[in-house]
Amino acid sequence: MSNHPDSIRINKAISDSGFCSRRKADTFIEEGRVTLNGTKVTLGDRAMPDDEIRVDGKLITENDTLVYIALNKPVGITCTTDRRVEGNVVDFINHKERIFHVGRLDKPSEGLLLMTNDGDIVNKILRAGNEHEKEYIVKVDRPVTDDFIKKMSQGVPLHELEVTTKPCVVERVSRFVFRIILVQGLNRQIRRMCEYLEYEVVELKRVRIMNIQLGDLPTGSWRNLTTKELQGLQDAVSKSDNAPQAKRTDRTQGRRRRGRD
């Protein structure tokens with residue numbers, strides 16, 4: 001049966017409102033926390049423009065003010081929208097709009113973090129298989145050798161995640177510092193890769209996400225993306241619009257990807 005042309009998937013309606021990402025909306029739906037005109041919904045349900053959608057009883061309304069922010073996250077700030085967590089990134093940035101982070105940086109890491117209330121673009125950036133580049137500068141506890149660079153770039157087995165990392169660009173910056181460009185986002189990927197090779201990460205900073213550069217943005221500060229940056233970002237994810245939903249095996253890996261670098 002065909003869908004009404006004016007209808008929209010409920011998870012997309014929630015993410016478009018800026019309430020949360022589409023993935024988070026799916027979680028809320030699975031947990032039975034979403035209602036449509038007073039009735040609990042299931043994954044795949046659709047809504048019409050005049051329908052009433054609520055999450056935990058809170059009415060979801062259209063959001064006409066889209067925000068796109070680059071934050072230089074300091075060490076010690078936690079990437080979560082749960083405001084019960086001390087030092088959460090939402091309270092740290094204290095923006096007037098309800099915004100959420102695109103991907104994560106773990107608490108001991110710093111650097112570039114994108115934040116927005118555009119749930120659709122979040123879904124496209126994080127969707128499994130898009131392989132968008134993220135660049136990091138990493139300091140370790142031992143001298144960076146040629147053998148270390150070679151093994152890191154060829155891929156490292158992460159037995160606890162049952163996966164081998166994809167080949168990536170790695171280059172030495174100084175005796176204890178290297179640069180790495182990833183197209184994956186596995187749970188604590190860089191730290192796990194280093195641990196496998198008996199190195200310990202001392203400092204980890206993300207300096208680029210796709211076409212967005214950290215530049216000289218001071219630690220703890222944020223700025224709005226420029227028109228050029230936003231256009232580049234939208235162009236890069238435009239092919240994700242009609243991408244199919246991930247298969248079950250990919251969704252399992254997706255949960256691993258959504259871990260922290």
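Residues numbered from 1 in each chain as written. Predicted model: local features only at pLDDT ≥ 70, side-chain atom pairs only at ≥ 80, totals over all residues. Heavy atoms only, no water.

Caption draft 1: Fine view of helix α4 (residues 119-126). Of all eight residues that make up α4, seven are buried, and the element is covered over most of its length. G119, D120, I121, V122, N123, K124 and I125 are the residues of α4 that are buried. Its buried side turned inward, α4 meets α1 (10-16), α2 (22-30), β7 (68-73), β8 (100-102), β9 (110-116) and α7 (227-237). Where α4 begins, the capping side chain belongs to D118, and its oxygen is found 3.3 Å from the backbone nitrogen of I121. (Buried < 20%, exposed > 50% of the residue type's maximum accessible area, 1.4 Å probe, protein only. Helix = DSSP H or I, 4+ residues; strand = E, 2+ residues; numbered from the N terminus. Contact = heavy atoms within 4.5 Å. Polar contact = N/O pair within 3.5 Å; in protein donor to acceptor, adjacent residues only side chain to side chain.)

Caption draft 2: Layout of the packing of α4 against α7. Interaxial distance between α4 and α7 falls to 9 Å at its minimum, and their mutual angle equals 55°. Comparing their axes, α7 and α4 come out oblique. In the crossing of α4 with α7, the sense of the turn from one axis to the other is left-handed. Here I121, K124 and I125 of α4 come into contact with α7, specifically with L233, Q234 and V237. Each residue belonging to the contact of α4 with α7 can be placed in one class, and the counts come to four nonpolar, one polar and one charged. (Axes fitted to C-alpha atoms, helices over the stretch in contact; angles between N-to-C directions. Parallel < 35°, antiparallel > 145°, perpendicular 65-115°, else oblique. Left-handed = near helix turned anticlockwise from the far one by under 90°. Nonpolar A, V, L, I, M, F, W, Y, C, P; charged D, E, K, R; others polar.)

Caption draft 3: Up close: the sheet that holds strand β6 (residues 58-59). Pairing within the open sheet is antiparallel, and its four strands lie in the order β3-β2-β5-β6. Of all the strands in the sheet, just β3 (39-40) and β6 have a single pairing partner and so form its edges. With three bridges connecting them, strand β2 (residues 34-36) and strand β5 (residues 53-55) associate as antiparallel partners. Residue pairing in the sheet places L36 in a bridge with I53 of β5. (Pairing = 2+ DSSP bridges.)

Caption draft 4: Just the side chain of Q184, in detail. Turning to its location among the elements, Q184 is positioned in the loop between β14 (177-182) and α6 (189-196). In terms of polar contacts, Q184 uses its side chain to reach the side chain of Q189, at 3.4 Å. Leaving out residues up to four positions away in the same chain, Q184 has contacts with K134, T164, T165, K166 and Q189.

Caption draft 5: The pattern of salt bridges, seen in detail. Scanning the model with the defined rule gives 16 salt bridges in all. In this structure, R172 engages D146 in a salt bridge whose closest nitrogen and oxygen atoms are separated by 2.7 Å. Taken as a pair, R172 in strand β13 (residues 169-174) and D146 in helix α5 (residues 146-154) lie far apart in primary sequence, 26 residues in all. You can call R172 partly exposed: its relative accessible area is 38%. With a relative accessible area of 57%, D146 lands in the exposed category. For K151, the salt bridge identified is with D147, shortest N-O distance 3.1 Å. (Salt bridge = Lys/Arg side-chain N within 4 Å of Asp/Glu carboxyl O.)

Caption draft 6: Fine view of the packing of aromatic side chains. Counted under the stated rule, the structure contains three aromatic pairs. Ring geometry for F148 versus Y199: centroids 4.3 Å apart, planes at 40°, classification tilted. Of this pair, F148 sits in helix α5 while Y199 sits in the loop between α6 and β15 (201-209), placing them 51 residues apart in sequence. Overall, the relative accessible area of 6% leaves Y199 in the buried class. Every member of this aromatic cluster is reached through a ring pair, and the members are F148, F178 and Y199. (Phe/Tyr/Trp six-rings, centres within 6.5 Å; stacked < 30°, edge-to-face > 60°.)

Caption draft 7: Spotlight on the nonpolar core. Counting residues in hydrophobic clusters, the biggest one holds 35 residues, and the most contacted among them are V138, F148, M152, F178, I180, I190 and C194. Elements with a minimum of two residues in this core: β7, α3 (89-93), β9, β10 (134-140), α5, β14, α6 and β15. (Core = buried A, V, L, I, M, F, W, Y, C linked by side-chain atoms within 4.5 Å.)

Caption draft 8: Quick look at unusual backbone geometry. Backbone geometry at N37 places phi at a positive 55°, although glycine is not the residue there. Here N37 shows up in the loop between β2 and β3.

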